[in-house]
Amino acid sequence: EVPFFAKANGDWIRSTPATDGQFLYVAGMKDVLVCLDCKTGKQVWRYDFPAKDGTKLPQFGFVSSPLLHGDSVYVQAGEGFCRIDRKTGKLIWKILEDGGGMFGSAFSSPFLVQKAGASQILVQTRTDLAAVDPDSGKVGWKKPITAFRGMNILTPVVYKDSVLTSSYGGGTWLLEPSAESGTLSEVWKNKVEGYMSTPVIIGDHAYHHLKNQRFTCINLKTGESTWTTKPYGKYWSMIA
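First things first, this report covers the structure right here in the doc. This structure is a prediction, so every number in the text was calculated from the model and none was measured.

A separate point is the sheet that holds strand β20 (residues 225-228). Overall, antiparallel pairing links the four strands, which are arranged β17-β18-β19-β20 in an open sheet. Looking at the sheet topology across the chains shown, the edges are occupied by β17 (200-202) and β20. Pairwise comparison of adjacent strand axes, ignoring direction, gives a mean angle of 20 degrees for this sheet. Across five bridges, strand β18 (residues 205-209) lies against strand β19 (residues 215-219) in antiparallel orientation. Within β19, the position partnered with His209 by the bridge is Phe215.

Attention now goes to the side chain of Asp128. With respect to the element layout, Asp128 can be found in strand β11 (residues 128-132). Comment: no salt bridge for buried Asp128; closest opposite-charge side chain is Lys142, at 4.4 Å. A polar side-chain atom of Asp128 sits 2.8 Å from a polar atom in the side chain of Thr127.

All right, on to the pattern of salt bridges then. Under the definition given, this model contains four salt bridges. One salt bridge connects Arg86 with Asp20, and the closest N-O pair in it is separated by 2.5 Å. Of this pair, Arg86 sits in the loop between β7 (80-85) and β8 (91-95) while Asp20 sits in the loop between β1 (18-19) and β2 (23-28), and the two are 66 residues apart along the sequence. Here Arg86 falls in the buried class, since its relative accessible area comes to 13%. In this structure, the salt-bridge partner of Glu193 is Lys211, at a minimum N-O distance of 2.9 Å. Remark: Lys211 occurs in the loop between β18 and β19 and Glu193 occurs in the loop between β16 (183-190) and β17; sequence separation between them is 18 residues. A relative accessible area of 33% means that Lys211 is categorised as partly exposed.

Conventions adopted
- Residues numbered from 1 in each chain as written.
- Predicted model: local features only at pLDDT ≥ 70, side-chain atom pairs only at ≥ 80, totals over all residues.
- Heavy atoms only, no water.
- Pairing = 2+ DSSP bridges.
- Helix = DSSP H or I, 4+ residues; strand = E, 2+ residues; numbered from the N terminus.
- Axes fitted to C-alpha atoms, helices over the stretch in contact; angles between N-to-C directions.
- Buried < 20%, exposed > 50% of the residue type's maximum accessible area, 1.4 Å probe, protein only.
- Lys, Arg positive; Asp, Glu negative; His and termini not counted.
- Salt bridge = Lys/Arg side-chain N within 4 Å of Asp/Glu carboxyl O.
- Polar contact = N/O pair within 3.5 Å; in protein donor to acceptor, adjacent residues only side chain to side chain.

Any functional reading would require information beyond the geometric quantities listed.
Quick look at the structure:
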(Lines give C-alpha, C1' and ligand atoms only; values in the text may rest on other atoms or scores of the structure.)
Protein backbone atom coordinates (compact mmCIF):
# COMPACT_ATOMS: atom_id res chain seq x y z
CA GLU A 1 0.00 0.00 0.00
CA VAL A 2 0.96 3.62 -0.52
CA PRO A 3 0.24 6.47 1.92
CA PHE A 4 -3.14 8.20 2.03
CA PHE A 5 -2.11 11.17 -0.13
CA ALA A 6 -1.14 8.83 -2.98
CA LYS A 7 -3.89 6.27 -2.44
CA ALA A 8 -6.38 8.20 -4.57
CA ASN A 9 -4.38 7.00 -7.57
CA GLY A 10 -4.37 3.40 -6.33
CA ASP A 11 -1.88 1.00 -4.72
CA TRP A 12 -1.02 -0.76 -7.97
CA ILE A 13 2.30 -0.71 -9.81
CA ARG A 14 2.82 2.48 -11.80
CA SER A 15 6.04 1.53 -13.60
CA THR A 16 5.98 -0.06 -17.08
CA PRO A 17 8.08 -3.29 -17.26
CA ALA A 18 10.90 -3.61 -19.80
CA THR A 19 12.09 -6.71 -21.66
CA ASP A 20 14.85 -7.79 -24.02
CA GLY A 21 12.94 -10.93 -25.01
CA GLN A 22 14.88 -13.14 -22.62
CA PHE A 23 14.41 -11.32 -19.32
CA LEU A 24 11.64 -9.14 -17.93
CA TYR A 25 12.44 -6.30 -15.54
CA VAL A 26 9.60 -5.31 -13.23
CA ALA A 27 9.49 -2.54 -10.61
CA GLY A 28 7.46 -3.09 -7.45
CA MET A 29 5.81 -0.34 -5.41
CA LYS A 30 8.09 -0.91 -2.39
CA ASP A 31 11.19 0.16 -4.35
CA VAL A 32 12.08 -3.34 -5.51
CA LEU A 33 13.39 -4.24 -8.98
CA VAL A 34 12.92 -7.86 -10.08
CA CYS A 35 14.41 -9.70 -13.08
CA LEU A 36 12.30 -12.62 -14.34
CA ASP A 37 13.03 -15.29 -16.95
CA CYS A 38 10.57 -14.70 -19.82
CA LYS A 39 10.12 -18.40 -20.62
CA THR A 40 9.66 -19.76 -17.11
CA GLY A 41 8.61 -16.72 -15.08
CA LYS A 42 11.20 -17.65 -12.45
CA GLN A 43 13.01 -14.90 -10.57
CA VAL A 44 16.62 -14.47 -11.73
CA TRP A 45 17.51 -11.72 -9.25
CA ARG A 46 15.86 -9.21 -6.97
CA TYR A 47 17.14 -5.80 -5.84
CA ASP A 48 15.30 -4.50 -2.77
CA PHE A 49 16.70 -0.97 -2.38
CA PRO A 50 15.45 -0.26 1.19
CA ALA A 51 16.50 -3.69 2.48
CA LYS A 52 19.85 -3.78 0.69
CA ASP A 53 20.95 -0.13 0.88
CA GLY A 54 18.90 1.25 3.75
CA THR A 55 17.18 3.83 1.53
CA LYS A 56 13.84 5.42 2.43
CA LEU A 57 10.68 4.05 0.88
CA PRO A 58 9.34 6.30 -1.90
CA GLN A 59 6.06 7.72 -0.65
CA PHE A 60 4.42 7.46 -4.07
CA GLY A 61 5.94 4.09 -4.92
CA PHE A 62 8.45 3.04 -7.57
CA VAL A 63 7.04 5.03 -10.50
CA SER A 64 9.89 5.39 -13.02
CA SER A 65 10.04 2.70 -15.73
CA PRO A 66 13.29 0.73 -16.29
CA LEU A 67 15.46 1.54 -19.31
CA LEU A 68 17.50 -1.24 -20.97
CA HIS A 69 20.75 -0.27 -22.70
CA GLY A 70 23.77 -2.44 -23.41
CA ASP A 71 24.42 -4.79 -20.50
CA SER A 72 22.62 -2.61 -17.97
CA VAL A 73 19.19 -1.63 -16.69
CA TYR A 74 18.76 1.99 -15.58
CA VAL A 75 16.17 3.07 -13.02
CA GLN A 76 15.21 6.06 -10.91
CA ALA A 77 14.97 4.23 -7.59
CA GLY A 78 16.81 3.81 -4.30
CA GLU A 79 17.04 7.58 -3.75
CA GLY A 80 18.80 8.25 -7.06
CA PHE A 81 19.47 7.25 -10.65
CA CYS A 82 21.01 3.77 -10.76
CA ARG A 83 22.82 1.61 -13.25
CA ILE A 84 22.44 -2.12 -12.56
CA ASP A 85 24.01 -5.11 -14.30
CA ARG A 86 21.20 -6.82 -16.22
CA LYS A 87 22.48 -10.36 -15.67
CA THR A 88 23.63 -10.25 -12.05
CA GLY A 89 21.52 -7.49 -10.48
CA LYS A 90 24.66 -5.82 -9.13
CA LEU A 91 24.58 -2.05 -8.59
CA ILE A 92 27.28 -0.44 -10.77
CA TRP A 93 26.76 3.20 -9.80
CA LYS A 94 24.23 5.64 -8.36
CA ILE A 95 24.05 9.39 -9.06
CA LEU A 96 21.60 12.31 -8.72
CA GLU A 97 20.76 11.21 -5.19
CA ASP A 98 17.62 12.82 -3.75
CA GLY A 99 17.08 11.40 -0.26
CA GLY A 100 13.94 9.45 -1.13
CA GLY A 101 10.78 9.60 0.96
CA MET A 102 8.15 12.25 0.28
CA PHE A 103 10.13 14.60 -1.97
CA GLY A 104 12.57 12.09 -3.46
CA SER A 105 12.23 9.08 -5.75
CA ALA A 106 11.43 10.35 -9.24
CA PHE A 107 8.33 9.81 -11.36
CA SER A 108 9.82 10.47 -14.81
CA SER A 109 11.41 7.62 -16.79
CA PRO A 110 14.94 7.82 -18.25
CA PHE A 111 15.10 8.40 -22.00
CA LEU A 112 17.98 7.31 -24.27
CA VAL A 113 19.14 9.65 -27.06
CA GLN A 114 21.97 9.70 -29.59
CA LYS A 115 23.91 12.92 -30.11
CA ALA A 116 26.98 13.27 -32.34
CA GLY A 117 27.34 9.47 -32.40
CA ALA A 118 27.34 9.17 -28.61
CA SER A 119 24.63 7.92 -26.27
CA GLN A 120 23.12 10.07 -23.53
CA ILE A 121 20.35 9.36 -21.06
CA LEU A 122 17.95 12.19 -20.27
CA VAL A 123 16.98 11.98 -16.62
CA GLN A 124 14.32 14.20 -15.08
CA THR A 125 14.39 14.03 -11.29
CA ARG A 126 11.94 15.70 -8.91
CA THR A 127 13.97 18.90 -9.24
CA ASP A 128 16.28 18.78 -12.28
CA LEU A 129 16.69 17.70 -15.89
CA ALA A 130 20.09 16.16 -16.62
CA ALA A 131 22.06 14.44 -19.39
CA VAL A 132 23.98 11.41 -18.16
CA ASP A 133 26.71 9.32 -19.79
CA PRO A 134 25.36 5.73 -19.66
CA ASP A 135 28.82 4.21 -19.10
CA SER A 136 30.46 6.48 -16.55
CA GLY A 137 27.43 8.08 -14.95
CA LYS A 138 28.98 11.50 -15.50
CA VAL A 139 26.45 14.33 -15.69
CA GLY A 140 27.02 16.38 -18.84
CA TRP A 141 24.58 19.17 -17.99
CA LYS A 142 21.86 19.76 -15.44
CA LYS A 143 19.10 22.36 -15.17
CA PRO A 144 16.49 22.96 -12.43
CA ILE A 145 12.90 22.34 -13.56
CA THR A 146 10.27 24.23 -11.58
CA ALA A 147 7.41 22.05 -10.35
CA PHE A 148 4.78 22.07 -7.61
CA ARG A 149 6.05 19.76 -4.85
CA GLY A 150 8.47 18.16 -7.28
CA MET A 151 5.75 16.93 -9.63
CA ASN A 152 8.08 16.36 -12.59
CA ILE A 153 6.15 13.36 -13.85
CA LEU A 154 6.28 13.06 -17.63
CA THR A 155 9.27 11.82 -19.60
CA PRO A 156 11.11 14.52 -21.62
CA VAL A 157 11.33 14.09 -25.40
CA VAL A 158 13.72 15.33 -28.07
CA TYR A 159 12.93 17.72 -30.92
CA LYS A 160 15.88 18.07 -33.32
CA ASP A 161 18.76 19.11 -31.01
CA SER A 162 16.52 20.39 -28.23
CA VAL A 163 14.64 18.86 -25.30
CA LEU A 164 10.92 19.34 -24.63
CA THR A 165 9.69 18.96 -21.09
CA SER A 166 6.86 20.13 -18.87
CA SER A 167 5.90 20.07 -15.21
CA TYR A 168 2.93 20.37 -12.90
CA GLY A 169 3.10 23.96 -11.61
CA GLY A 170 5.94 25.06 -13.86
CA GLY A 171 5.00 25.21 -17.53
CA THR A 172 6.31 23.74 -20.78
CA TRP A 173 9.82 24.44 -22.08
CA LEU A 174 11.94 23.81 -25.14
CA LEU A 175 15.55 23.73 -23.98
CA GLU A 176 18.71 23.70 -26.08
CA PRO A 177 21.90 22.07 -24.76
CA SER A 178 25.25 23.82 -25.24
CA ALA A 179 28.27 21.55 -25.61
CA GLU A 180 30.61 24.46 -24.93
CA SER A 181 29.12 25.65 -21.65
CA GLY A 182 27.63 22.34 -20.50
CA THR A 183 24.30 24.05 -19.78
CA LEU A 184 20.77 24.34 -21.17
CA SER A 185 19.36 27.55 -22.60
CA GLU A 186 15.65 28.26 -22.90
CA VAL A 187 14.40 28.49 -26.49
CA TRP A 188 10.85 29.27 -25.39
CA LYS A 189 8.40 28.72 -22.55
CA ASN A 190 4.65 28.14 -22.76
CA LYS A 191 2.58 28.57 -19.58
CA VAL A 192 0.58 25.36 -20.16
CA GLU A 193 1.36 22.63 -17.61
CA GLY A 194 1.81 18.99 -18.53
CA TYR A 195 0.92 16.37 -15.95
CA MET A 196 1.61 12.66 -16.43
CA SER A 197 1.41 11.84 -20.13
CA THR A 198 4.57 12.23 -22.22
CA PRO A 199 4.10 14.55 -25.25
CA VAL A 200 4.00 13.07 -28.74
CA ILE A 201 5.97 14.88 -31.45
CA ILE A 202 4.84 14.78 -35.09
CA GLY A 203 6.76 17.02 -37.45
CA ASP A 204 7.12 20.46 -35.86
CA HIS A 205 4.26 20.01 -33.40
CA ALA A 206 3.88 18.44 -29.96
CA TYR A 207 0.59 16.97 -28.73
CA HIS A 208 0.26 17.35 -25.04
CA HIS A 209 -2.15 16.36 -22.21
CA LEU A 210 -2.45 19.15 -19.65
CA LYS A 211 -3.05 19.35 -15.92
CA ASN A 212 -6.31 21.23 -16.48
CA GLN A 213 -7.92 18.34 -18.40
CA ARG A 214 -7.27 19.78 -21.81
CA PHE A 215 -5.32 18.55 -24.83
CA THR A 216 -3.19 20.97 -26.82
CA CYS A 217 -1.04 21.19 -29.95
CA ILE A 218 2.11 23.29 -29.58
CA ASN A 219 4.10 24.69 -32.50
CA LEU A 220 7.65 23.67 -31.61
CA LYS A 221 9.20 26.44 -33.69
CA THR A 222 7.36 29.26 -31.90
CA GLY A 223 6.22 27.71 -28.61
CA GLU A 224 2.66 28.89 -29.22
CA SER A 225 -0.41 26.70 -28.79
CA THR A 226 -1.97 26.04 -32.21
CA TRP A 227 -5.18 24.75 -30.65
CA THR A 228 -6.46 23.50 -27.31
CA THR A 229 -9.58 21.46 -26.55
CA LYS A 230 -12.18 22.31 -23.98
CA PRO A 231 -11.88 20.34 -20.69
CA TYR A 232 -12.60 16.70 -21.42
CA GLY A 233 -13.75 15.75 -17.95
CA LYS A 234 -13.08 13.09 -15.41
CA TYR A 235 -13.33 10.17 -17.84
CA TRP A 236 -11.21 11.77 -20.56
CA SER A 237 -13.93 11.90 -23.20
CA MET A 238 -12.46 14.62 -25.42
CA ILE A 239 -15.11 17.15 -26.41
CA ALA A 240 -13.66 20.00 -28.43
